[in-house]
Amino acid sequence: MKKVAEKLVQLNMDLNTGEKASAEVILFGLRLIIHSVLHVAIILVLAYFFGFFYEAMVALVVGSTMKVFSGGAHANHIVKCIIVGTIIYLLIGFSGKHLGSIVGVNYLIWIVVSLFALYSTYKLAPAPAKNKPIKSFAHKENLKKLALNVVSVAIFLSFIVGYILEQSGLFYGVLLALLWQSLSLWPLTFRILESI
């Protein structure tokens, strides 16, 4: 993957696109894109193989969308991040499917997870990042509002999916993704994942 990214950087330099970005920045961005695509593909292929593709897909969309605005804990190396993230989203897909068939749609679980996600996001988002510090108070507040909007839409989506469409597996896929991403905002989760 690194070699592919390096060749794309060299191609960009050869084409002289007029961009002022350094080769390191371009290389970092390309590697991040390649790793992200690989990560999503691994999760979805394994989820399809194990029979909970839709639950994992919904969880991945909700969790990753929320993480864009709220931030959250990461392992200390990209490969570890991919492994931990894959395990978590496969567990969410598996749990979502089976909770849906065993428990069905549950109002109490919906309320508790929704309130926890809103509280965590309001209190802790955007989570601090060592490599991307947020220097502007206005930018921080904007990210918090966007993260709260994502959480609100996900809560509404879970209501529609669970109570109107009666898709309990997808209902739990959304809720468990919200729960995980909310937990990833807490300092204890940062300490745990950084120690892996």
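Residues numbered from 1 in each chain as written. Predicted model: local features only at pLDDT ≥ 70, side-chain atom pairs only at ≥ 80, totals over all residues. Heavy atoms only, no water.

> What should I look at first to understand the overall build of the chain in this one?
What the chain contains, in helices and strands, is eight helices and zero strands. In the chain, the succession of helices and strands from N to C terminus is α-α-α-α-α-α-α-α. For the chain, the proportion of its 196 residues judged to be buried stands at 39%. Across the chain, contacts joining residues at least 24 apart in sequence account for 78% of those joining residues at least 6 apart. (Helix = DSSP H or I, 4+ residues; strand = E, 2+ residues; numbered from the N terminus. Buried < 20%, exposed > 50% of the residue type's maximum accessible area, 1.4 Å probe, protein only. Contact = heavy atoms within 4.5 Å.)

> Help me out: how do you make sense of unusual backbone geometry in this one?
Keep in mind that most residues, glycine aside, have a negative phi and that most peptide bonds are trans. Of note, the bond from Ala 125 into Pro 126 is cis; its omega dihedral lies within 30 degrees of zero at -10°. Located in the positive-phi region is Glu 166, a residue other than glycine, with phi close to 55°. Note that Glu 166 resides in the loop between helix H6 (137–164) and helix H7 (168–183). The class for Glu 166 is exposed, based on a relative accessible area of 62%.

> Can you help me understand helix H8 (residues 187–194) in this one?
Think of an α-helix as 3.6 residues a turn; residues three or four steps apart then line up on the same face. Within H8 the residues assigned to the buried category are Thr 189, Phe 190 and Leu 193. Projected down its long axis, H8 shows its buried positions confined to an angular sector of 105°, all on one face. Turned more than 90 degrees away from the buried face of H8, the exposed residues are Leu 188 and Arg 191. In this fold, the buried residues of H8 make contact with helix H4 (78–102) and H7. (Arc of directions from axis to C-beta.)

> Could you clarify how one ought to interpret the packing of aromatic side chains in this entry?
The geometry of an aromatic ring pair is captured by the separation of the ring centres together with the interplanar angle, meaning the angle of the planes. The tally for this structure, following the rule as stated, stands at 13 aromatic pairs. Summarising the aromatic geometry, the rings of Tyr 107 and Tyr 163 are spaced 4.4 Å apart at their centres and angled 15° between planes, so their arrangement reads as stacked. Taken together, the positions of Tyr 107 in helix H5 (residues 107–124) and Tyr 163 in helix H6 put the pair 56 residues apart, joining distant regions of the chain. Ring plane angle 10° and centroid distance 6.2 Å describe the contact between Phe 116 and Trp 186, whose orientation is recorded as stacked. Here Phe 116, found in helix H5, pairs with Trp 186, found in the loop between H7 and H8; they are 70 residues apart in sequence, far enough to count as distant. Counting every residue linked through ring pairs, the aromatic cluster contains Tyr 107, Trp 110, Phe 159, Tyr 163, Phe 171 and Tyr 172. When the ring centre of Tyr 122 is taken as origin, the NZ or CZ atom of Lys 144, which lies over that ring, is 5.6 Å away. (Phe/Tyr/Trp six-rings, centres within 6.5 Å; stacked < 30°, edge-to-face > 60°. Lys NZ or Arg CZ within 6 Å of the ring centre and 35° of its normal.)

> What am I meant to see in a nonpolar patch on the surface here?
Together, Phe 28, Leu 32, Ile 78, Val 79, Ile 83, Ile 87 and Leu 91 make up a nonpolar patch on the protein surface, roughly 640 Å² of accessible area in all. Where the nonpolar patch is concerned, the elements lending two or more residues are helix H2 (23–50) and H4. Mapping Ile 78 onto the fold places it in helix H4. A residue is classified by how much of its surface remains accessible, and Ile 78, at 31% relative accessible area, is partly exposed. (Patch = residues over 30% accessible without salt bridge, like charges linked within 9 Å, V, L, I, M, F, W, Y side chains within 5 Å. Areas by Shrake-Rupley, 256 points an atom, 1.4 Å probe, with all protein chains shown as cover. Salt bridge = Lys/Arg side-chain N within 4 Å of Asp/Glu carboxyl O.)

> Just checking my understanding: could you explain the nonpolar core for this structure?
Generally speaking, nonpolar side chains in soluble globular proteins are found buried as a group. Core analysis: the biggest nonpolar cluster contains 39 residues, and Val 62, Tyr 89, Ile 92, Phe 171 and Leu 178 have the highest contact counts within it. For this core, the leading source of residues is H7, giving eight residues. Discounting residues that sit within four places of it in the chain, Phe 171 has contacts with Val 105, Asn 106, Trp 110, Ser 158, Val 161, Gly 162 and Tyr 163. (Core = buried A, V, L, I, M, F, W, Y, C linked by side-chain atoms within 4.5 Å.)

> Where do I start with the side chain of Ser 114 in this structure?
Looking at the secondary structure, you find Ser 114 in helix H5. A distance of 2.6 Å separates the side chain of Ser 114 from the backbone oxygen of Trp 110, its partner in a polar contact. The residues touching Ser 114, leaving out its near neighbours within four places in the chain, are Ile 155 and Leu 175. (Polar contact = N/O pair within 3.5 Å; in protein donor to acceptor, adjacent residues only side chain to side chain.)

> Can you help me understand H5 in this one?
Taking 1.5 Å per residue as the helical rise, H5 with its 18 residues ought to reach 26 Å, and the 25 Å between its terminal C-alpha atoms agrees with that figure. Considered for burial, the residues of H5 that qualify are Trp 110, Val 113, Ser 114, Ala 117, Ser 120 and Thr 121. Angularly, the buried residues of H5 cover 140° about the axis, an arc narrow enough to put them on a single face. Projecting away from the buried face of H5 at angles above 90 degrees are the exposed residues Tyr 107, Leu 108, Leu 115, Tyr 122 and Lys 123. (Expected span 1.5 Å × (residues − 1).)

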